[in-house]
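Understanding the architecture of this molecule
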Amino acid sequence: MPKAPPEPDPGPLAPREPNAVPPGTVASKDQEHVIKAVPVRHPGQWVAAAVLVLLGAMLVHSVVFSSVKRGTTVEGRFQWNVVGQYLFSPPILRGVVVTIELTVIAMAAGIAIGVVLAVMRLSSSTLLSSTSWVYIWFFRGTPVLVQLFFWYVGISYLFPNLSLGVPFGPALVHLNVNALVTPFVAAVVGLSLNEGAYMAEIVRAGILSVDEGQVEAAQSIGMRRIQSLRLIVLPQAMRLIIPPTGNEVISMLKTSSLASVVTVAELFFAAQTISNRTYQIVPLLIVASIWYLFITSILTIGQYFVERHYARGSARPKPPRLWEKLARNLFSVHPLRSGSPPFGDGTGAAPVSPSGAR
Amino acid sequence: MTTASGGDREPGTRRAQVEMVHAEGLHKSFGRLEVLKGIELSVAPGEVLCLIGPSGSGKSTFLRCINHLEKIDAGRLYVDGELVGYRQHGDKLYEMRDREVCQRRAQIGMVFQRFNLFPHMKVLDNVTIGPMRVKGESLAKAAERAHRLLERVELADKVDAYPNQLSGGQQQRVAIARALAMEPKLMLFDEPTSALDPELVGDVLDVMRKLAEDGMTMIVVTHEMGFAREVGDTVVFMDGGVVVESGDPRQVLTQPAHARTRAFLSKVL
Ligand SMILES: Nc1ncnc2c1ncn2[C@@H]1O[C@H](COP(=O)(O)OP(=O)(O)OP(=O)(O)O)[C@@H](O)[C@H]1O
Ligand SMILES: [Mg+2]
């Protein structure tokens, strides 16, 4: 038996926590082990905060109170009354619905296309993987705006009539492309195909992040390829796929405003139509922006819950609760405690990540 | 004890019918690197065969061939009397479809060095997913068996845990339960205790020992010479892609006939 250590040995079965009370010591003594240190001061942060508050106040003041003289009347430059008048007007609300429809349909189709492309890209067949490569190369390499015009105008110009039937043989179904490709259809097709290319890269990165041993384990219990993809690989890839996909959804919400150029009556188109008539350009831009911001905020909260769901079973601590995260972002002063989990691990998986626009 | 060497060898196909695993002149290359250079080896039903050998000698590759995770280039490999990966009609060999390969794999359990549990599923789901998704068993039946197996590996209280809430030893025992849930006729272990802390190795070996006592046919790649000596019916020493020596563990581990075996054992013992 070696010489007794100064602190009594807790024994092999005792929990090895840094702050665990060693047997034989009184609880009050334990208090002395808690670190009580004066946190590092950041005077620069306080100065910066003061300047920002001042600038913010000036901005709010000008937004709310700045006014312009028109003849004898004085009215607010931002015309908040006009904003209020149109914010819930039927054409704007219809535009919001169309915007949401476009976003949801194009995103769902884009994800489906992306998964198929990603699996093709990772396939051992050269034909499949190069087909996928060419698709991604083409759709990422051309502007969405051009693609939308193509689907709206180009397709019915090139193929005014489409026939389905035996290749080189008799046709079974004749389609009038002009009638089929409405502005909405053209926009959905254009946005989906383009989104598919971006989602393919995101899904591919997610699939590659899953350990190869997972596929082997799935195969060793007799799973088919498609089963191991669906049950084992994709659910694990989700953790990496979801944060960028959330950004894609938000990006799609805003990109869908491009559908206005092919005369889809979505939110931006609706706002423009009104302002073309009334010349109240700024207030209607504000109306559209308020709706875009509102929907983006809802999406951000949704993304947070989806991420929490797919984080189950992960080794990292659960993402902090929404209000914890907000509180932490607002007040960066933490109580100094040993053993608190590390925050901001830099994986980009932050629940309320600043949604980057493209 | 069975060895594939010696003059009294029966004709291959007849041997192949009675053995659980039977390899004849098995070759496997990765590109220009020939990893298996004519493996001759047999495992009888109920036998526990321990495979030892230096790193890179092709032990893992051989196990993966048995499970058709790797395609063999030449030779014949039978599991339970049936060719692995091919169907024979007359003189011609036909490559198996994915579906058939999967059906065969379902009858062979495999345990990996790094456990490879499914981290997004609870322990119970890890054990039930195979029977449910591959065999189409009902949840009730699969869960009933899973509980029984988890009790057998002494983890009955961990059914609702996620894999990374368990120690390495516990994870490996779940992995064994997951493989056993498919009711395999053959179990392959690829260095099941190499990634474990020394104090956790014993629990896993105990489970494997019990499994061997219950008559499971097992091929165990291991560096645990104690286990090989006590539990193994046969020890096979592989080096450079061939079987150098095989036989009774006491014989091979204490009085090896070949200089290469002696050199290897002097390093690991
Ligand atoms: N997929 C692969 N592609 C190319 N080479 C491979 C592949 N798998 C294995 N090898 C090579 O085959 C040789 C044998 O590998 P194997 O894993 O079978 O050895 P091992 O006996 O299991 O060694 P260890 O004790 O280190 O696990 C090694 O040289 C390895 O680099
Ligand atoms: Mg190996």
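Remember, predicted model here, so these are calculated numbers, not experimental data.

Procedures and definitions
Residues numbered from 1 in each chain as written. Chains lettered and ligands numbered in written order. Predicted model: local features only at pLDDT ≥ 70, side-chain atom pairs only at ≥ 80, totals over all residues. Heavy atoms only, no water. Pairing = 2+ DSSP bridges. Helix = DSSP H or I, 4+ residues; strand = E, 2+ residues; numbered from the N terminus. Axes fitted to C-alpha atoms, helices over the stretch in contact; angles between N-to-C directions. Contact = heavy atoms within 4.5 Å. Buried area = accessible area lost by both parts, 1.4 Å probe. Salt bridge = Lys/Arg side-chain N within 4 Å of Asp/Glu carboxyl O. Nonpolar A, V, L, I, M, F, W, Y, C, P; charged D, E, K, R; others polar. Buried < 20%, exposed > 50% of the residue type's maximum accessible area, 1.4 Å probe, protein only. 1 Å grid on protein atoms, 1.4 Å probe; cavity = no way out; pocket = protein on both sides within 12 Å on 5 of 7 lines; lining within 4 Å. Points joined across faces, edges and corners; volume = space filled by probe spheres on them. Near = heavy atom within 4 Å. Polar contact = N/O pair within 3.5 Å; in protein donor to acceptor, adjacent residues only side chain to side chain. Areas by Shrake-Rupley, 256 points an atom, 1.4 Å probe, with all protein chains shown as cover. Expected span 1.5 Å × (residues − 1). pLDDT = per-residue confidence, 0-100. Core = buried A, V, L, I, M, F, W, Y, C linked by side-chain atoms within 4.5 Å. Bend = angle between axes of the 7 residues up to and from the residue. Parallel < 35°, antiparallel > 145°, perpendicular 65-115°, else oblique. Left-handed = near helix turned anticlockwise from the far one by under 90°.

Residue and element names in this part refer to chain B. With respect to topology, six strands assemble into an open sheet ordered S8-S9-S10-S3-S11-S12, the strand pairing being mixed. Bordering the open sheet on either side are strand S8 (108-111) and strand S12 (242-247), each of which pairs with just one other strand. Each strand axis lies, on average, 20 degrees off the axis of its neighbour in the sheet, ignoring direction. Here four bridges tie strand S3 (residues 48-52) to strand S10 (residues 217-221), and the two strands are oriented parallel to one another. Paired with leucine 51 across the strands is valine 221, a residue of S10. Of the strands in this sheet, S3, S8, strand S9 (186-190), S10 and strand S11 (234-239) touch helix H2 (residues 59-66), which is tilted by about 155 degrees from S9.

Strand pairs in the sheet, formed through backbone hydrogen bonds, run parallel or antiparallel to each other. Strands sit in the order S2-S1-S4-S5 (chain B) across an open sheet of four strands; the sheet is antiparallel. Every other strand in the sheet has two partners, leaving strand S2 (33-43) and strand S5 (82-83) of chain B as the edge strands with one partner each.

Listed per partner, the contact involves 26 residues of chain B and 23 residues of chain A. Each partner contributes to the roughly 2200 Å² buried at the junction of chain B and chain A, and carbon and sulfur atoms together form 54% of this total. Contact with chain A buries surface across chain B, with Phe118, His120 and Arg133 of chain B losing the most and accounting together for 26% of the total. Viewed at the interface, chain A and chain B are joined by three salt bridges. At the level of secondary structure, the elements contributing two or more residues to the side of chain B that touches chain A comprise helix H3 (98-105), S8 and helix H4 (123-134) of chain B. When the residues that make up the side of chain B that touches chain A are grouped by side-chain class, the tally is 14 nonpolar, five polar and seven charged.

All names here are of chain B. Looking at where aspartate 157 falls in the secondary structure, it is placed in the loop between helix H5 (139-152) and helix H6 (168-180). On the basis of relative accessibility, which here comes to 63%, the residue aspartate 157 falls in the exposed class. A sequence separation of ten residues divides aspartate 157 from histidine 147, and the C-alpha atoms of the two residues are 9.6 Å apart.

With that out of the way, let us pick up the layout of surface pockets. Residues and elements named next belong to chain A. Taken as a whole, the largest pocket holds about 1100 Å³ of empty space. Sort the elements by how many residues they give to the lining of the largest pocket and helix H10 (residues 225-255) lands first, with five residues. Here the lining of the largest pocket is composed, by residue class, of 14 nonpolar, six polar and ten charged.

With that settled, consider the site of ligand 1. All names here are of chain B. Neighbouring ligand 1 are the residues Phe30, Leu33, Val35, Pro54, Ser55, Gly56, Ser57, Gly58, Lys59, Ser60, Thr61 and Glu191. In this structure, lysine 59 approaches ligand 1 through a side-chain N or O atom, which is 2.8 Å from an oxygen atom. Within the contact set of ligand 1, an oxygen atom lies 3.1 Å away from a side-chain nitrogen or oxygen of glutamate 191. Protein coverage of the free-state accessible area of ligand 1, which is 630 Å², stands at 59%. Broken down by element, the residue count for the shell around ligand 1 peaks at three residues, all from H2. In terms of residue class, the shell around ligand 1 is built from four nonpolar, six polar and two charged.

Note that threonine 103 of chain A resides in helix H4 (residues 90-121). What makes threonine 103 of chain A buried here is its relative accessible area of 5%.

To continue, consider H4 of chain B. In this model, H4 of chain B (twelve residues) spans 18 Å end to end at C-alpha, consistent with the 16 Å of a helix rising 1.5 Å per residue. Considering only its buried residues, H4 of chain B is in contact with H10 of chain A together with H5 and H6 of chain B. Glycine 136 of chain B sits one or two positions beyond H4 of chain B and adopts a positive phi of about 70 degrees.

Right, let's get into the side chain of glutamine 280 of chain A. All names here are of chain A. Assignment of secondary structure puts glutamine 280 in the loop between helix H11 (267-278) and helix H12 (281-310). Assessed through its relative accessible area of 18%, glutamine 280 is described here as buried. Apart from the residues lying within four places of it in its own chain, the contact partners of glutamine 280 are Gln79, Val82, Tyr86 and Ser275.

Here the focus is the confidence of the model for chain A. All names here are of chain A. Scored by pLDDT, chain A has a mean of 79; 77% of the residues are at 70 or more. In this model, residues 1-22 is a region of pLDDT below 50 whose contacts with residues beyond four sequence positions or in other chains number nine contacts. In this model residues 329-358 is a low-confidence stretch, pLDDT under 50, and it forms 34 contacts with partners more than four residues away in sequence or in other chains.

This part takes up the nonpolar core. Residues and elements named next belong to chain B. If you look at the biggest cluster of nonpolar residues, it comprises 49 residues, and the most contacted ones within it are Leu150, Ile176, Met187, Phe189, Met208 and Met218. Per-element accounting of this core gives the leading share, eight residues, to helix H7 (residues 198-213). Residues contacting methionine 218, with those up to four places away along its chain left out, are Glu47, Val48, Leu49, Met187, Phe189, Met208, Leu211 and Ala212. Counting residues in each nonpolar core, the second largest holds 44 residues, with Leu49, Leu69, Phe112 and Phe118 among its members.

Now for the pairing of strand S7 (residues 92-95) of chain B. A regular strand places its side chains on the two faces of the sheet in alternate fashion. Residues and elements named next belong to chain B. Where strand S6 (residues 86-89) lies against S7, four bridges are found, and the strand directions are antiparallel. Residue arginine 87 lies in a different strand from S7, and its bridge partner there is tyrosine 94. Count of turn residues in the S6/S7 antiparallel hairpin: two residues, of which glycine 90 carries a positive phi of about 65 degrees.

Along an α-helix, residues three or four apart share an orientation, since each turn contains 3.6 residues. The terminal C-alpha atoms of helix H8 (residues 183-209) of chain A lie 39 Å apart, and with 27 residues this matches the ideal 39 Å at 1.5 Å per residue to within 8%. Of all the bends in H8 of chain A, the greatest, near 25 degrees, is centred on alanine 197 of chain A.

All names here are of chain A. For the pair H4 and H8, interaxial distance at closest approach is 5 Å and the crossing angle is 45 degrees. For the element pair H4 / H8, the angle class is oblique. Judged by the twist between their axes, the crossing of H4 over H8 is right-handed. Along the lines of polarity and charge, the residues of the contact of H4 with H8 split into 22 nonpolar, four polar and four charged.

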